[in-house]
Amino acid sequence: MTREFIDEMKEALKAEKNAILDKLARQDSDFKDLVSAKTINDSIDSVTEELAFSKIQFTAVHDYNKLQAINNAISRIHNKQYGYCFQCGKEIPENRLRAIPYAVVCVECKNNQEKETFRRR
Ligand SMILES: [Zn+2]
């Protein structure tokens, strides 16, 4: 995995994060403040984010989970763990990361997880 690729993914993650926050800002005034305060960057205060989210309805849960996944991926870039499967440690193929920049497990582990969830039901 090249430095360029990781930079590309970092941009993609930031763009995706901004898109979610923009969308939420249109639905909620707390988010509008958050976005207009231009705090949207790598080091965004997650407490502020959580506070804003706590006031949003349930419909935002999906967006919230996605945002958490994006933050998680960004911190993995900082820790130089980005692109490696969280479960088995293998490199995640670039085409998977291009499709889902915030993926933290490889396809194999993801499928295993889904099987597990299914079995537990
Ligand atoms: Zn894996």
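The numbers attached to residues start from 1 for each chain and follow its sequence in the written order. Under the rules for a predicted model, residues below a pLDDT of 70 receive no local features and side-chain atom pairs below 80 are neither given nor counted, while totals for whole chains, interfaces and linings still include all residues. For the side-chain quantities, the full set of heavy atoms in the structure was used; hydrogens and water were omitted.

Quick look at the coordination of the zinc ion
Each metal site lists N, O and S donors within 2.8 Å (3.2 Å for Na, K and Ca). With water left out of the atoms, a site can look as if it is missing ligands. Within the first shell, the zinc ion binds the protein through Cys 85 (SG), Cys 88 (SG), Cys 106 (SG) and Cys 109 (SG), at distances of 2.3 Å. Between 85 and 135 degrees for all angles marks four donors as tetrahedral; over 155 degrees for opposite donors together with 65 to 115 for all other angles marks four donors as square planar and six as octahedral; every other arrangement is irregular. Metal-centred angles of 103 to 116° between the four donor atoms at the zinc ion mark the site as tetrahedral. Counting along the primary sequence, the residues that act as donors to the zinc ion give the motif C-x2-C-x17-C-x2-C. Here the residue Cys 85 occupies a position in the loop between α4 (61-78) and α5 (94-99), and Cys 106 occupies one in the loop between α5 and α6 (107-120), the gap between them amounting to 21 residues. Neither residue differs from the other here; Cys 85 and Cys 106 are each classed as buried. Segments assigned H or I by DSSP are reported as helices when at least four residues long, segments assigned E as strands when at least two residues long, and all are numbered from the N terminus. Burial classes: relative accessible area under 20% of the type maximum marks a residue as buried, over 50% as exposed, and values in between as partly exposed (1.4 Å probe, protein chains only).

Considerations on the pattern of salt bridges
The rule for a salt bridge is simple: a side-chain nitrogen of Lys or Arg has to be within 4 Å of a carboxyl oxygen of Asp or Glu. Under the counting rule described, the total for this entry stands at seven salt bridges. Between Asp 63 and Lys 23 there is a salt bridge, with the nearest N and O atoms lying 3.0 Å from each other. You can see Asp 63 sitting in helix α4 and its partner Lys 23 sitting in helix α1 (residues 3-27), a full 40 residues away along the chain.

Notes on α1
Helix length check: α1, at 25 residues, gives a terminal C-alpha distance of 37 Å against a target of 36 Å (1.5 Å per residue), a fit within 8%. Buried residues of α1: Phe 5, Ile 6, Met 9, Lys 10, Leu 13, Lys 17, Ile 20, Leu 21, Leu 24 and Ala 25, and no others. Helix span, as expected, comes to 1.5 Å for every residue beyond the first.

Some points on the packing of α1 against α4
Relative orientation and spacing of two packed helices are given, respectively, by the angle between their axes and the distance between those axes. Axes here mean lines fitted to C-alpha atoms, for a helix over just the part in contact, with angles spanning 0 to 180 degrees between N-to-C directions. For the pair α1 and α4, interaxial distance at closest approach is 10 Å and the crossing angle is 155°. In terms of orientation, α1 lies roughly antiparallel with respect to α4. Where α1 crosses over α4, the handedness of that crossing is left-handed. Residues Ile 6, Lys 10, Leu 13, Glu 16, Lys 17, Ile 20, Leu 21, Lys 23 and Leu 24 of α1 pack against Asp 63, Lys 66, Leu 67, Ile 70, Asn 71, Ala 73, Ile 74, Ile 77 and His 78 of α4. Grouping the constituent residues of the contact of α1 with α4 by class yields 10 nonpolar, two polar and six charged. Orientation categories follow fixed angle ranges, with anything under 35 degrees roughly parallel, anything over 145 roughly antiparallel, 65 to 115 roughly perpendicular, and all other angles oblique. Crossings are classed by handedness, with left-handed meaning an anticlockwise turn of the near helix from the far one by less than a right angle and right-handed meaning a clockwise turn. By definition in these notes, contact holds between two residues if any of their heavy atoms fall within 4.5 Å. Three categories are distinguished: nonpolar for Ala, Val, Leu, Ile, Met, Phe, Trp, Tyr, Cys and Pro, charged for Asp, Glu, Lys and Arg, and polar for the others, with Gly belonging to the last.

Considering the environment of Tyr 84
Within the element layout of this structure, Tyr 84 appears in the loop between α4 and α5. Judged by relative accessible area, Tyr 84 falls into the partly exposed class, the value being 35%. Residues Tyr 84 and Val 104, spaced 20 residues apart in sequence, show a C-alpha to C-alpha distance of 7.0 Å. Beyond its immediate stretch of four places on either side in the chain, Tyr 84 contacts Arg 76, Gly 89, Lys 90, Glu 91, Ile 92 and Val 104.

Let's talk about the side chain of Asp 63
When its relative accessible area of 8% is taken as the criterion, Asp 63 is described as buried. We define a polar contact as two N or O atoms separated by no more than 3.5 Å, with the added condition that, inside protein, one atom must be a possible hydrogen donor and the other a possible acceptor, whereas residues neighbouring each other in sequence contribute only through side-chain atom pairs. Only 3.0 Å separates the side chain of Asp 63 from the side chain of Lys 23, close enough to count as a polar contact. Excluding residues that lie within four positions of it along the chain, Asp 63 makes contacts with Ile 20, Lys 23 and Leu 24.

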